Amino acid sequence: MKLAVAQINPTLGNVEKNKLKMISYIESAIKKGVELVVFPELSLTGYLLEELTFDVAGIPVEFYELSKKISILFGGIEESRDYYYYNSAFYLEDGKLQHTHRKIYLPTYGLFDEGRYLKSGNEIKAFDTKFGRFGILICEDAWHLSNPYLLSMDGADYIFTLVNSPSRGAQGAKLSPNQTWNEMMKTYSKLLTSFYIFAHRVGYEDGVNFFGGSRVYSPNGDILGEAKTFEEDTIVVDLDKRSLRRARINNPVMRDEKPGLVMRSLEKIIG
């Protein structure tokens, strides 16, 4: 699978402007022979939406048509039938919406206020695509160990983590959250022997900076592609499924996993 990660700088609340930017990245990826293009969390809307949340929900119709030529994974606001709003990731393939993941863990601390405007998702599951079995996490979802574990137990070979993570600490490669995300993604990919795709954004919103540094990891924890920090950028990587076979032969820890033991132990803990 030829994959592109589009590390963009969305404009807060301006869906039309963000849509046009994303279309330009999608069309460029098509010209490069890319089969799947991935955008960050809330790439269509920007992140610190607050009251704007209720005005920016939906999927541009143009994306459906473009997905007949290239599969598209991106973040946006979803409005449910009962008029609740979710921070969601949408996977489009062959002109159809094939899967939606609703962010499960909504941070409401520090500068984060997602829980005030959004409803949390309540399901974590892998799904089949023409490229293999995928799983999706959105930012804080990845900080809860159960989520990547459950996706792996559900057969996910490729786990996409769409992120908006503010910059804190030093600059560049030693930037504190950048280093933390790198360590976390590297650990998950190696322990769970899956491809991990970390799709982050750049730019400023209300004085908050986002550092970029998107990466693609092999099932051995190796970095296959890395984007710049603090700049819009695109990673294009060929993911060889044979890497999964080699990693799982050499490191068969998931083969020996005991989910029944985990379930029984949790039931005792919960009481």
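Just so we're clear, the structure is a prediction, and the values are computed from it rather than from any experiment.

With respect to helix α6 (residues 242–250)
(1) Moving on: Within α6, burial applies to S243, L244 and A247. Buried residues of α6 fall within an arc of 100 degrees about the axis and therefore sit on the same side. For α6, exposure combined with an orientation more than 90 degrees from the buried face picks out R242, R245 and I249.
(2) Moving on: Turning to α6, the residues buried within the fold contact β8 (158–162) and β9 (195–199).

Quick look at the packing of aromatic side chains
(1) Moving on: Here the structure, examined in full by the defined rule, presents 17 aromatic pairs.
(2) Moving on: Between F54 and Y117, the aromatic rings sit 6.3 Å apart at their centres with planes inclined by 55 degrees, giving tilted as the arrangement. Of this pair, F54 sits in the loop between β2 (36–38) and α2 (61–66) while Y117 sits in helix α3 (residues 114–117), and the two are 63 residues apart along the sequence.
(3) Moving on: Residues F63 and F74 carry aromatic rings whose centres are separated by 5.1 Å and whose planes lie at 90 degrees to one another, so their mutual orientation is edge-to-face. With F63 in helix α2 and F74 in strand β3 (residues 71–79), this pair connects stretches of sequence that are 11 residues apart.
(4) Moving on: Relative accessible area serves as the criterion here: at 0%, F63 is assigned to the buried category.
(5) Moving on: Looking at F74, the relative accessible area reads 0%, which means it is buried.
(6) Moving on: Over the ring of Y86 we find R102; its NZ or CZ atom is 3.8 Å from the centre of that ring.

A word on the confidence of the model for the protein
(1) Moving on: Residue-level pLDDT values for the protein average 95, and 97% of them are 70 or greater.
(2) Moving on: No element of the protein has a lower mean pLDDT than helix α5 (residues 176–192), at 92, and none a higher one than β2, at 99.

Some words on the environment of E114
(1) Moving on: With respect to the helices and strands, the residue E114 is situated in helix α3.
(2) Moving on: Looking at E114, the relative accessible area reads 7%, which means it is buried.
(3) Moving on: Measuring from C-alpha to C-alpha, the distance between E114 and E93 comes to 28 Å, with 21 residues separating the pair along the chain.
(4) Moving on: A distance of 2.8 Å separates the side chain of E114 from the side chain of K103, its partner in a polar contact.

What to know about the pattern of salt bridges
(1) Moving on: One pass over the structure, following the stated rule, counts 18 salt bridges.
(2) Moving on: Between K19 and E62 there is a salt bridge, and its shortest N-O distance comes to 2.8 Å. One end of the pair, K19, is in helix α1 (residues 15–31); the other, E62, is in helix α2, with 43 residues separating them in the sequence.
(3) Moving on: Exposure remark for K19: the relative accessible area of 9% places this residue in the buried category.

Each value, and the rule that gives it
- Residues numbered from 1 in each chain as written.
- Predicted model: local features only at pLDDT ≥ 70, side-chain atom pairs only at ≥ 80, totals over all residues.
- Heavy atoms only, no water.
- Buried < 20%, exposed > 50% of the residue type's maximum accessible area, 1.4 Å probe, protein only.
- Helix = DSSP H or I, 4+ residues; strand = E, 2+ residues; numbered from the N terminus.
- Arc of directions from axis to C-beta.
- Contact = heavy atoms within 4.5 Å.
- Phe/Tyr/Trp six-rings, centres within 6.5 Å; stacked < 30°, edge-to-face > 60°.
- Lys NZ or Arg CZ within 6 Å of the ring centre and 35° of its normal.
- pLDDT = per-residue confidence, 0-100.
- Polar contact = N/O pair within 3.5 Å; in protein donor to acceptor, adjacent residues only side chain to side chain.
- Salt bridge = Lys/Arg side-chain N within 4 Å of Asp/Glu carboxyl O.

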